[in-house]
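Examining the three-dimensional arrangement
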Amino acid sequence: MKRIAKTMVFVLSAIISTSSFVACGGGNKGGKGEVEIFSTYMTQVVKSEEEVKASDKLEAGFNYVCGKGEAETAQVIMFAKTDVSDYSIELSDLKSAAGDTFSADNLEAFNQKYINVITPTKGESGDYGYFPDAILPFEKAVEYKENKIKKGNNQAVLVQATVPVNQPAGTYNGNFKLSVDGKDHNIPVSMKIYDVDVPTTTSLESLYIVSRYELTGGEGDDSLAMMEKYYEKLLEYKCMGYLLPVSQADPTGYAQAVRKYYDRIANYAIPYCYKTSGSNYLLDVEGTWEYIYQILKFSAEDNKQYLDKVRNYYGVVDEPISNGTVDKCNTFCDSYNQGIIELGKKVREFAKEGGYPEETLLVLEAEAKSVETMPNMITAHYHDLIKDHVVNYCPTFNSFDTEVERDEYASVNGIDWYYGCTSPRNPYATFHIDDHNHLASTQLLGWTSNEYDVSGTLYWETVLYRGYTPHVGYDCYEVADRTSLASNGEGYLLYPGAPYGIDGPVASLRLISARDGCDDYDTLRLLEALYADKGYDAQNALKIIYRNLYTGTKCLNDNHETLYKAKESVLNLIELAQKKNVFITETKSTLSGWSLSGVAPAGTVVTVNGKTVSLSDGSFSFDIDLEKKTNEYILACGDYKVNY
C-alpha cells in the first residue's frame, strides 16, 4: 500500500454548508458550491443521484472499529445542493488518551467512482442509475479533475486505515479537514483499536481468476509484470489469484513463486495438466508431477510443507450438472482421485531416494499426504449423479442454506468451497453492483464460511475488460453489464489503472467487502480458539449474532448497522475472554426467544441492558425475549459490550 506523508493534502475544490461542521481557516475563496455532509456504513450503497433517507444518514465522521493488523475503510458523503467546482481532504495523525499516535502514514484516501446501470440485474433488488464501485486514489481524482460534484448528486470520499501489528490498543481521535471551494470543515475521526491480533495473512481460502488475455482490453498490457501487479492487488485485499503470476509453462519458475508467496497466501493452485481420451478429460499425472517435483525440492531444502496449500480447480469440467457433462465430470474426478494417489507414491520415492535426514523425511511424508488429498474443486451442487466421484464440492453461494444441504456436503468428508457466477442473486451473497445489499452479503461470506465450515471461495473472473459477448473492448468505467446476461458487475472486481496513468489495477468496493469478510472470518476463528482452549464452544456466544445477520445463507436486508455492531461484538467477546475470563457457555432457544448462560470469575460485574446479572458459583444467565424486544440486548463487563 502506498505510504503518504504525516499530513496529507489533496488539492481539490468543493463546497460544504452544514451546521454540523465548523469552518477552519481560509473561508470561501470564490466557490459557490453548497453541500450537505453525512456518513453511512461502508456496506450501505448510496447511488450518485439518490435521495438518501434521513434514517440512513449518520452524523458525518470517519468511524473505525478494528483489531491490530487489519485494514478498515470509512466514508463521508457530500450531497451537492449546487454545483461543486472542487474539494479536497487533508488527513492527519490521530491521538489516544494514553498519548499514543496513529500515524497518517497508515491512512489513504480514495474518491468514489460511479458506474451506470442501464438494465437492472435480473432478480436483483437494485434498479437503474449510477452505483458506486471503483475506488480511485484521491490524488488521481485531483490530477484528472474529477473532484467535482453536479448539483443534486452524492459524492463519497473514503479513507482507509491500515493498523500496524504493533499499534497500541485504544481509542484514537482527531479530525480530517474537508475543504470545499476553499471552505474548510473538520470531520471528526474515531478509531477503536482492540488488543486483538488479526492475522495479516488470512486463513480463508480463495481462487479469484485473472485471465491474462483480458488485461489487454483494459491495460493494453498482458505481460507477466502486469499479471504480478494484479496478483499483488488481489492479495492486498486478502484474495488469492487463481494462478501465481509467472509463466505456466515453467515448473521451476512456478516452484520459485510458491516459495516466494507461500507465507503470504492461504492457498494456491497448480497449473492444471490434463489429457484427452476420446471425448473425456483425464489428469495428466506426469505433467502435474513436473510441478510437484520442483516444489518438493524446495520443501526438502527449506524443511517446509509447501504443498499443503494446494487447492485445484479444473475448468474443463465446469458446472457438470447444468452443462450436461456429468459423465465427463465423473470420469475426470475418478482419474484425478487415482492420479493423486500415484503422485503421493512419487513423493515417497523422492524422499526415499534423497538420503534426507529424519527431520526432512517427516516433512516429505507430510507432503505426500497433502498430495494424496489435494483438493479438486468441482463447481456443482451435491447431486446423486456425481456424489460417488466428487470429493470437493464448490456450489454457488446459496448452497448450505438448509440443514439438509449442510449435512449432504458434510457426508462427503472433503473440504468444500462455494462460488459466484451470474448467480445466485439477492437475498444470497452476490458480487452484483446493483443489489443494494450486496456489500453486506459479500462480507457475510466470511461469517457463513465460519459457521458452516466452508473453506474458501472461487470467483470465475475478475477482469472482464473486453466483455463476454462479443469480445470487444469497453470503457470499463462506463459499462456495468459486460456479460449480456443482465448481471451488472459480473466478471470483474478490478478496474484498469491505465486510463489514470496507474501502473496496475484499481480496486472496488466489492473487493473491500471481500477483504472485510476475510478479516471477520479470521477474527471469528480467534474467538473459537480462545473458547476451545478453555473447553467451551464459541458457537454459543455467536449463535444469536449469526441469526441477526442471516438465515441459512440468506442475507437479511438492510443489516448494515447490525453487521457493524456484530464485528464490534466479536472483538469484545475476544477481549472478555482474554482479559476478564468471561465466556458464554450455553445458548438455548425458548418459546419467546433465547436463554443464555455464562461463566465469570467471582466478583466480576456483568450487566444486561445496564442491570447487574447475579453470579452464582461463578456462573450467570439471562433471557432474551424476542416478542418484547425493541432494541439490542447489551451484555457488558467493564468497557466491553456485546450486542445481542
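Residues numbered from 1 in each chain as written. Predicted model: local features only at pLDDT ≥ 70, side-chain atom pairs only at ≥ 80, totals over all residues. Heavy atoms only, no water.

With respect to the overall build of the chain
Operational definition: The helix count covers DSSP runs of H or I at least four residues long, the strand count covers runs of E at least two residues long, and both are numbered beginning at the N terminus. Note on method: radius of gyration uses C-alpha positions; expected globular size equals 2.2 Å times residues raised to 0.38. The cut-offs for exposure are 20% and 50% of the maximum accessible area for each residue type, with area from a 1.4 Å probe on protein chains only; residues under the lower value are buried, those over the upper are exposed, and the others partly exposed. Two residues qualify as a contact provided that any one of their heavy atoms is within 4.5 Å of a heavy atom in the partner residue. Areas reported as accessible are Shrake-Rupley estimates using a 1.4 Å probe. Residue values count occlusion only from the protein chains shown. Charged residues are defined here as Lys and Arg on the positive side and Asp and Glu on the negative side; His and the ends of the chain fall outside this count. Where a charge lies is defined by one atom per residue type: Lys uses NZ, Arg uses CZ, Asp uses CG and Glu uses CD.
Within the chain, the regular secondary structure consists of 14 helices and 29 strands. Taking 644 residues into account, the globule formula puts the C-alpha radius of gyration at 26 Å, and the chain, at 26 Å, falls close to it. Projected onto the principal axes, the alpha-carbon positions of the chain cover approximately 75 × 70 × 50 Å. Taken over 644 residues, the chain has a buried fraction of 56%. In the chain, 72% of the contacts between residues at least 6 apart in sequence involve partners at least 24 apart. Summing over all exposed atoms, the chain offers an accessible surface of approximately 25,200 Å²; the carbon and sulfur share of this is 47%. The positive charge centre, built from 60 side chains, and the negative charge centre, built from 90, are 4 Å apart in the chain.

Let's talk about the sheet that holds strand S28 (residues 634-637)
So the rule is basically this: Only when DSSP finds a minimum of two bridges between them are two strands counted as paired. To get an axis, a line is fitted to the C-alpha atoms, and for a helix only the part in contact is used. The angle between two axes follows their N-to-C directions and goes from 0 to 180 degrees.
Spatially, four strands are ordered S26-S25-S28-S29 in an open sheet, and the strand pairing comes out antiparallel. The strands lining the two open edges of the sheet, one partner per strand, are strand S26 (611-613) and strand S29 (640-643). For this sheet, the mean inter-axis angle between neighbouring strands, taken without regard to orientation, is 30°. Pairing of S28 with S29, which is carried by four bridges, proceeds in the antiparallel orientation. The residue of S29 that forms the bridge with Cys 637 is Tyr 640. Helix H14 (residues 560-580) rests against S28 and S29 of the sheet, and its axis sits at about 135° to S29.

Focus: the pattern of salt bridges
Convention followed: In what follows, salt bridge is the name for a side-chain nitrogen of Lys or Arg lying within 4 Å of a carboxyl oxygen of Asp or Glu.
Counted by the stated rule, this structure contains 31 salt bridges. For Arg 466, the salt bridge goes to Glu 214, with nearest N and O atoms at 3.6 Å. Of the two residues, Arg 466 is situated in the loop between strand S20 (456-459) and helix H12 (509-533) and Glu 214 in helix H2 (residues 212-219); the sequence distance between them amounts to 252 residues. Among the residues examined, Arg 466 registers a relative accessible area of 23% and is labelled partly exposed.

Structural notes on the nonpolar core
Put simply, the test is: Joining through side-chain atoms within 4.5 Å is the link that ties buried Ala, Val, Leu, Ile, Met, Phe, Trp, Tyr and Cys residues into a set, and such a set is a nonpolar core.
In this structure, Tyr 268, Ile 292, Trp 447 and Tyr 644 are the most contacted members of the largest nonpolar core, which totals 149 residues. Tallying contributions element by element places helix H7 (residues 326-353) first for this core, with ten residues. Listed in part, the 33 residues of the second largest apolar core include Ile 37, Cys 66, Phe 102 and Val 163.

Describing the packing of helix H13 (residues 539-549) against H14
The line we're drawing: In what follows, roughly perpendicular refers to angles from 65 to 115 degrees, roughly parallel to angles under 35, roughly antiparallel to angles over 145, and oblique to any angle outside these ranges. Basically, the charged four are Asp, Glu, Lys and Arg, the nonpolar ten are Ala, Val, Leu, Ile, Met, Phe, Trp, Tyr, Cys and Pro, and anything else, Gly included, counts as polar.
With their axes 10 Å apart at the nearest point, H13 and H14 run at an angle of 170° to one another. With respect to H14, the axis of H13 lies roughly antiparallel. Where H13 abuts H14, its residues Ala 541, Leu 542, Ile 545, Asn 548 and Leu 549 lie against Thr 562, Leu 563, Ala 566, Ser 569, Val 570 and Leu 573. By residue class, the composition of the contact of H13 with H14 is eight nonpolar, three polar and no charged.

Re H2
Definition in use: This arc corresponds to the set of directions leading from the helix axis out to the C-beta atoms.
Turning to H2, its buried residues number three or more, namely Glu 214, Leu 215, Gly 218 and Glu 219. Down the axis of H2, the buried set is contained in an arc of 115°. They therefore lie on one face. Among the structural elements, helix H3 (224-236) are those in contact with the buried residues of H2. Where H2 terminates, the next one or two residues include Gly 220, which has phi positive at roughly 65°.

Quick look at the environment of Tyr 564
Tracing the backbone through its elements, the reader meets Tyr 564 in helix H14. Considered as a pair, Tyr 564 and Asn 581 are 17 residues apart in the sequence and their alpha carbons are 24 Å apart. Contact partners of Tyr 564, with chain neighbours within four places excluded, come to Tyr 41, Asn 63, Tyr 64 and Val 65.

Quick notes on the confidence of the model for the chain
Here is the rule we go by: Every residue gets a pLDDT, meaning the predictor's confidence in that residue, from 0 to 100.
Here the chain averages 92 in pLDDT, and 93% of its residues register 70 or above. A low-confidence stretch, residues 1-30 stays under pLDDT 50, and its non-local contacts, those more than four residues away or across chains, total 111 contacts.

Some points on the packing of H12 against H13
For the pair H12 and H13, the least separation of the axes is 10 Å and the interaxial angle reads 145°. Residues Leu 524, Leu 527, Glu 528 and Tyr 531 of H12 form the contact with H13, whose participating residues are Gln 539, Ala 541, Leu 542 and Tyr 546.

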